[in-house]
Every structure is written in C-alpha cells, then in structure tokens.
Amino acid sequence: MLASSSILRRQQFLVRSLGVPHNPVHMDQKAEIRFAALGADAESVIRKITPTYDPNRYKGQAGKIAVIGGCREYTGAPYFASISALKIGADLSHVFCTKDAATVIKSYSPELIVHPILEESYSVREEEKASVCQKVLTEVTKWMERFDCLVVGPGLGRDPFLLGCVTEIMKHARQSNIPIVVDGDGLFLITENLDLVRGYPLAALTPNVNEYKRLVQKVLDCEVDDHDRYAQLFSLAQRIGGVTILRKGKCDLISDGETVEMVSNFGSPRRCGGQGDILSGSVAVFSSWARQQRSITTKHSNDSPQNPMILGCIAGSTLLRKAASLAFKDKKRATLTTDIIECLGRR
Ligand SMILES: NC(=O)C1=CN([C@@H]2O[C@H](COP(=O)(O)OP(=O)(O)OC[C@H]3O[C@@H](n4cnc5c(N)ncnc54)[C@H](O)[C@@H]3O)[C@@H](O)[C@H]2O)[C@@H](O)CC1
Ligand SMILES: Nc1ncnc2c1ncn2[C@@H]1O[C@H](COP(=O)(O)OP(=O)(O)OP(=O)(O)O)[C@@H](O)[C@H]1O
Ligand SMILES: [Mg+2]
C-alpha cells in the first residue's frame, strides 16, 4: 500500500551512488532520477555510525550478534558471517546451528560462542517434532533479548523441519523488535513465507543473483529486468512493506522503498563462495551501530535520522568490497574468503 501510492506520489527516486564518481544511470520513464550531490560518501557513513573507543564502555556495548545457520553440509558460511561480525568490531558473536555443525564451527575459532541446538528431520522422530521445535525456541529465546541483531540463513540448509523452527525464531525476534539480516537459505524461507518480514522495518534482505531472481518472481510476478533495475528494486522493497533489500552484484544496490542507494567501489574479480556471508555479518554489526547512533542523535539533536538498515548495508558493502580489493591485490587468483576476512580491518 505504502508501495504504489508512494510511487505515484513521489514520482521520483533518490539514487545515490556511493564511492565512485557519478556515472549517468538510466532509469525507467516513470521515474525521474535525482542524484544527490553527495556531501557524504560511503566512508563518511562508516565514520558516522562507528562508535568511538571509550574507556567507560563495557563488553557487549559494541554489539552482540547471533547467526542462525550451520548444518551438516555447510559450516563455512556461519563461520564467515560470525567471525566477520567480530572483525568489524562487535564484542560477541554467537552461532545457533545443528549438532553436527557445532563442533566443526567451534574448531575453526575459539572466539565464537556456538550453540548446538538446531535439529534436522533425519534426527527427529515424527511424534517428537512439536516438542523438539518448542525446545529449540526456548533455547534461542533465552538468549534473544541480549542480541542487537540476528543474521538468519548462512549455511542454514533447507530441511523443512529446521526451517519450521527458524520460522518460530524469526517471529519471536520480530515481536522483540530485534533487527534481522536475512541471507542465504533464510531468503529461501522468507520467499516462501513473506509475512515473516513484510512490513518489518528492521529487516534487511541480502539476496545474490539467484535469491533475487526468486524474490522478484514471487513478489512482482515477473522476471528480473536489468534495464529497469533501480525501479524494480524500489518496487520490490515497497511491496514487502519497506524492508531494506541489498541486491548483490557488480554494484550493490540498496533500497527500502524510499530511496535507492548504490555502492560501487571496486572490489575483487574473484567470485569465491563466502563473500556474501562476510557481508551479512558486517551488515548486522553496522546496522546495530547505526541504530544505536540514531537513538543517541534522536535524543540530543533534531537531525532527521536515516534508516539504520540502509546505513548498515552501505557500510557493510563498502567495507567488504574494500577488503576484497586489498586481498586480491595480494593474492590474485588464489584469493579466498579467509584472505578477505583478514583484510576487513585494513585501510
Ligand atoms: N563454505 C560454505 O559453507 C558456504 C556455504 N554457502 C551456503 O550455501 C547455501 C546455498 O547458497 P548459494 O549461494 O549456493 O545459493 P543459491 O540459491 O545461489 O544457489 C544454490 C544452487 O542452486 C542453483 N540454483 C538455485 N536457484 C537457481 C536458479 N533460480 N537458477 C539457477 N540456478 C539456481 C545454483 O546454481 C547453486 O548451485 C546457503 O546456505 C549459503 O549460505 C555459501 O554461503 C557459500 C559458502
Ligand atoms: N560481478 C561482481 N563484481 C564485483 N563484485 C561483485 C560481483 N558480484 C558480487 N560482488 C560482490 O561480492 C559480494 C558477495 O556477493 P555474491 O553475489 O557473491 O553473494 P553470495 O552468492 O551470497 O555469496 P556466498 O557465496 O557467501 O553465499 C557482494 O556484496 C558484491 O559486493
Ligand atoms: Mg549467499
């Protein structure tokens, strides 16, 4: 509703190109593009939302992140997302995964707090399913209020029973007003059940090419149209009730149905798996910081706050691409995701 009425009312998009000199970008005929004269670029977004070091701060205040993901097949993805959250600057990073995945993930890093609580169908008898699902939810909700953001989906897999439990976790997070970054198999889940995120302003979706295609087909009932990519992303975000969507690709495009932002600083030509996982962990931390910052500036000034999920996406995307370019300079074709993670803090 917000969607189409606002499209007609505004007849205008704000497409901001961050990190590169502006190139003319052609939009569809319906919408006039306005390029913001960007006083602030992506780097200044990062500076604006990153908390300063303060000796009075205690552990946890710079962010507590939880990744819901990790199953028999995938242990790398939740590790990449959660370790990236720490490398960006969060204080604590938890992983909620299946029992099979937990020991493996713990062995990658002693920094992560790993909860082996999710179950897949193969390990649960039919008659136990309801009670096991309840147990999973109880375990996660015990921790839930402490988290500043959840990342749902990296390496989650698509087991129907497991996804049923994660559905309940997401409903609970939403009731508790906890921001949720949805990535990987979490996007598979929400594409089948859009009401999980519809109208939730604290949700950010980070689809790759396949995940975006599935979302567009489901929500807009059409194919991805690259000639009309800004308007299509804008409509998609509006149709899901103003959630933030970061469409990953050559340039990362970000929209919440109010503006369209573009991050296009040079990254890496390597497309090794796991870079999206770095991104989702990074977006979670930056969004939490932006949200924290917003509550401070709202209290103390009349600045009109910007959507923290948008700011988090801009900062996460910019930093990941910067790290990827530094890693590629060093490792060339041998660049792997772990090399990029090592470069997250470098300039
Ligand atoms: N080391 C790891 O553990 C990694 C695990 N990953 C996890 O792997 C899982 C799947 O992620 P992907 O990024 O591979 O998911 P995608 O949905 O992009 O792809 C899944 C597979 O299905 C194919 N596919 C799916 N939909 C398709 C479509 N509409 N058209 C054409 N081909 C299609 C793709 O080619 C691919 O082989 C996620 O849980 C993700 O987080 C990735 O993050 C990569 C790293
Ligand atoms: N063609 C491209 N050129 C430059 N950068 C790209 C390109 N495609 C993706 N990226 C960058 O890589 C990051 C990860 O995007 P990608 O599409 O690989 O995610 P993904 O498939 O979800 O990754 P993962 O393997 O972690 O699941 C994006 O934020 C984007 O900045
Ligand atoms: Mg991915």
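Located above this text is the structure these notes cover.
Since the model is a prediction, treat every value here as computed from it, not as a measurement.

Undergrad: Can you break down the overall build of the chain residue by residue, with the values?
TA: Counting its regular elements, the chain contains 12 helices and 11 strands. Here the chain holds 347 residues, and 56% of them are scored as buried. Contacts in the chain between residues at least 24 apart in sequence constitute 66% of all its contacts with a sequence separation of at least 6.

Undergrad: Go over the site of ligand 2, please, and point to the residues and values.
TA: Taken together, the neighbourhood of ligand 2 is formed by 14 residues, with Lys248, Asp252, Gly274, Gly276 and Arg321 sitting nearest. Between ligand 2 and the protein, one listed contact pairs an oxygen atom with a side-chain N or O atom of aspartate 252 at 2.8 Å. Expressed as a share of its isolated accessible area of 630 Å², the protein-covered part of ligand 2 is 77%. Ranked by residues supplied to the shell around ligand 2, first place goes to helix H10 (residues 275-300) with 4 residues. Taken together, the residues of the shell around ligand 2 break down into 2 nonpolar, 6 polar and 6 charged.

Undergrad: Quick rundown of the packing of aromatic side chains? Include the residues and the values.
TA: Per the stated rule, a full pass over the model turns up 4 aromatic pairs. Ring centres 5.2 Å apart and planes at 65° place the aromatic pair tyrosine 79 and tyrosine 108 in the edge-to-face group. In this pair, tyrosine 79 sits in helix H3 (residues 76-88) while tyrosine 108 sits in helix H4 (residues 99-108), placing the two residues 29 residues apart along the sequence. The exposure class assigned to tyrosine 79 is buried, which follows from its relative accessible area of 16%. Seen from the ring of tryptophan 143, arginine 146 lies directly overhead, with NZ or CZ sitting 4.5 Å from the centre. Between arginine 158 and the ring centre of phenylalanine 188, over which it is positioned, the NZ or CZ distance is 4.4 Å.

Undergrad: Provide a residue-level description of the pattern of salt bridges, including the pertinent values.
TA: For the structure shown, the criterion picks out 14 salt bridges. A salt bridge links glutamate 127 to arginine 125; the shortest N-O distance between them is 2.9 Å. Where aspartate 252 meets arginine 321, a salt bridge forms, and the shortest distance between an N and an O atom there is 3.6 Å. Taken together, the residues span a long stretch of sequence, with aspartate 252 in strand E10 (residues 252-255) and arginine 321 in helix H11 (residues 308-331) at a distance of 69 residues. As far as the burial class goes, aspartate 252 and arginine 321 line up, both buried. When salt bridges that share partners are traced, they join Arg125, Glu127 and Glu128 into one network.

Undergrad: Describe the side chain of histidine 94, listing the residues and the values that go with them.
TA: One can find histidine 94 in strand E4 (residues 92-98). Beyond its immediate chain neighbours, meaning those up to four positions away, histidine 94 contacts Ile65, Ala66, Val67, Ser82, Ile113, His115, Trp143 and Phe147.

Undergrad: Quick one: what's the story with helix H8 (residues 209-220), residue by residue and with numbers?
TA: Under the 1.5 Å per step criterion, the end-to-end length of H8 is 16 Å for 12 residues, consistent within 8% with the ideal 16 Å. Contacts made by the buried residues of H8 are with helix H7 (184-192), strand E8 (203-205), helix H9 (229-239) and strand E9 (244-247). At the N-terminal boundary of H8, the capping side chain belongs to asparagine 208, with an oxygen 3.1 Å from the backbone nitrogen of asparagine 210. Aspartate 221 sits one or two residues past H8 and shows a positive phi near 55°.

Undergrad: Outline the nonpolar core, listing residues and values.
TA: In summary, soluble globular proteins display a tendency toward joint burial of nonpolar side chains. Residues Leu150, Met170, Ile190, Leu205 and Ile240 are the most contacted members of the largest nonpolar core, which totals 106 residues. Here this core gets 12 residues from one element, more than from any other, and that element is H11. Leave out the neighbours within four places in its chain, and leucine 205 touches Val182, Leu187, Ile190, Val197, Leu215, Ile240, Val243, Thr244, Ile245 and Leu246.

Undergrad: Quick one: what's the story with the pairing of E4, residue by residue and with numbers?
TA: Within E4, 6 of the 7 residues are buried, which leaves the element mostly enclosed by the surrounding structure. Bridge count for strand E3 (residues 64-68) against E4 is 5 bridges, and the pairing is parallel. Its bridge partner lying in E4, isoleucine 68 is registered against phenylalanine 96. In this structure, E4 lies alongside strand E5 (residues 113-118), joined through 5 bridges in parallel fashion. Paired with valine 95 across the two strands is valine 114, which belongs to E5. Taken together, E4, H4 and E5 form a β-α-β motif whose crossover is right-handed.

Undergrad: How would you sum up unusual backbone geometry? Please name residues and give values.
TA: The backbone phi angle of asparagine 177 is positive, close to 60°, even though this residue is not glycine. Here asparagine 177 falls in the partly exposed class, since its relative accessible area comes to 45%. If you check the backbone angles, aspartate 221 has positive phi at about 55° while not being a glycine. A residue is classified by how much of its surface remains accessible, and aspartate 221, at 69% relative accessible area, is exposed.

Each value, and the rule that gives it
Residues numbered from 1 in each chain as written. Chains lettered and ligands numbered in written order. Predicted model: local features only at pLDDT ≥ 70, side-chain atom pairs only at ≥ 80, totals over all residues. Heavy atoms only, no water. Helix = DSSP H or I, 4+ residues; strand = E, 2+ residues; numbered from the N terminus. Buried < 20%, exposed > 50% of the residue type's maximum accessible area, 1.4 Å probe, protein only. Contact = heavy atoms within 4.5 Å. Near = heavy atom within 4 Å. Polar contact = N/O pair within 3.5 Å; in protein donor to acceptor, adjacent residues only side chain to side chain. Areas by Shrake-Rupley, 256 points an atom, 1.4 Å probe, with all protein chains shown as cover. Nonpolar A, V, L, I, M, F, W, Y, C, P; charged D, E, K, R; others polar. Phe/Tyr/Trp six-rings, centres within 6.5 Å; stacked < 30°, edge-to-face > 60°. Lys NZ or Arg CZ within 6 Å of the ring centre and 35° of its normal. Salt bridge = Lys/Arg side-chain N within 4 Å of Asp/Glu carboxyl O. Expected span 1.5 Å × (residues − 1). Core = buried A, V, L, I, M, F, W, Y, C linked by side-chain atoms within 4.5 Å. Pairing = 2+ DSSP bridges. Right-handed = clockwise from strand over helix to strand, strands pointing away.

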